Amino acid sequence: QVQLVESGGGLVQAGGALRLSCAASGLTFSRRAMGWFRQALGKEREFVAGITGSSGSTRYAASVKGRFTISRDNAKNTVALQMNSLKPEDTAVYYCAAQSLVSGNYNIWGQGTQVTVSS
């Protein structure tokens, strides 16, 4: 069964840090690009960060660049998002996603984990 399970969300004060983790099972993890997305209340889901499967190249949304770091451990089938200098506008449900090997679209999603940043 293909599954992505996120963990690590919670409540933190502005300026604080959180580390999200996503455990993957049932898929060829090392070959797939992985990403983190977020959806704030009343807003559309948006891309946060992505990392390729082979080279581990990364890219970030402008709003988080320099504050967030995405990483992966192919031996453990996990991908993480280290979030530093958090702001209230980072409050959202964060989702882990895996990219299709065929289409290149993100087609496998986790259930999401809530991150709340208080001012």
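A. Molecular detail of the pairing of strand β5 (residues 46–51). Where strand β4 (residues 34–39) meets β5, five bridges bridge the pair, whose relative direction is antiparallel. When the bridges of β5 are listed, F37 appears paired with F47. Connecting β4 to the next strand, β5, in antiparallel fashion are six residues, including G42 with a positive phi near 80 degrees. For β5 and strand β6 (residues 58–60), the ladder comprises three bridges, and the chain directions are antiparallel. The residue of β6 that forms the bridge with A49 is Y60. Here β5 hands over to β6 after six residues, with G56 in that stretch at a positive phi of 75 degrees.

B. How the structure looks around the pattern of salt bridges. Inspection of the entire model under this criterion finds three salt bridges. One salt bridge in this structure joins E46 and R38, with 2.6 Å as the shortest N-O distance. Owing to a relative accessible area of 36%, E46 belongs among the partly exposed residues under this scheme. Judged by its relative accessible area of 5%, R38 falls in the buried class. In this structure, R38 engages D90 in a salt bridge whose closest nitrogen and oxygen atoms are separated by 2.9 Å.

Parameters at a glance
- Residues numbered from 1 in each chain as written.
- Predicted model: local features only at pLDDT ≥ 70, side-chain atom pairs only at ≥ 80, totals over all residues.
- Heavy atoms only, no water.
- Pairing = 2+ DSSP bridges.
- Helix = DSSP H or I, 4+ residues; strand = E, 2+ residues; numbered from the N terminus.
- Salt bridge = Lys/Arg side-chain N within 4 Å of Asp/Glu carboxyl O.
- Buried < 20%, exposed > 50% of the residue type's maximum accessible area, 1.4 Å probe, protein only.

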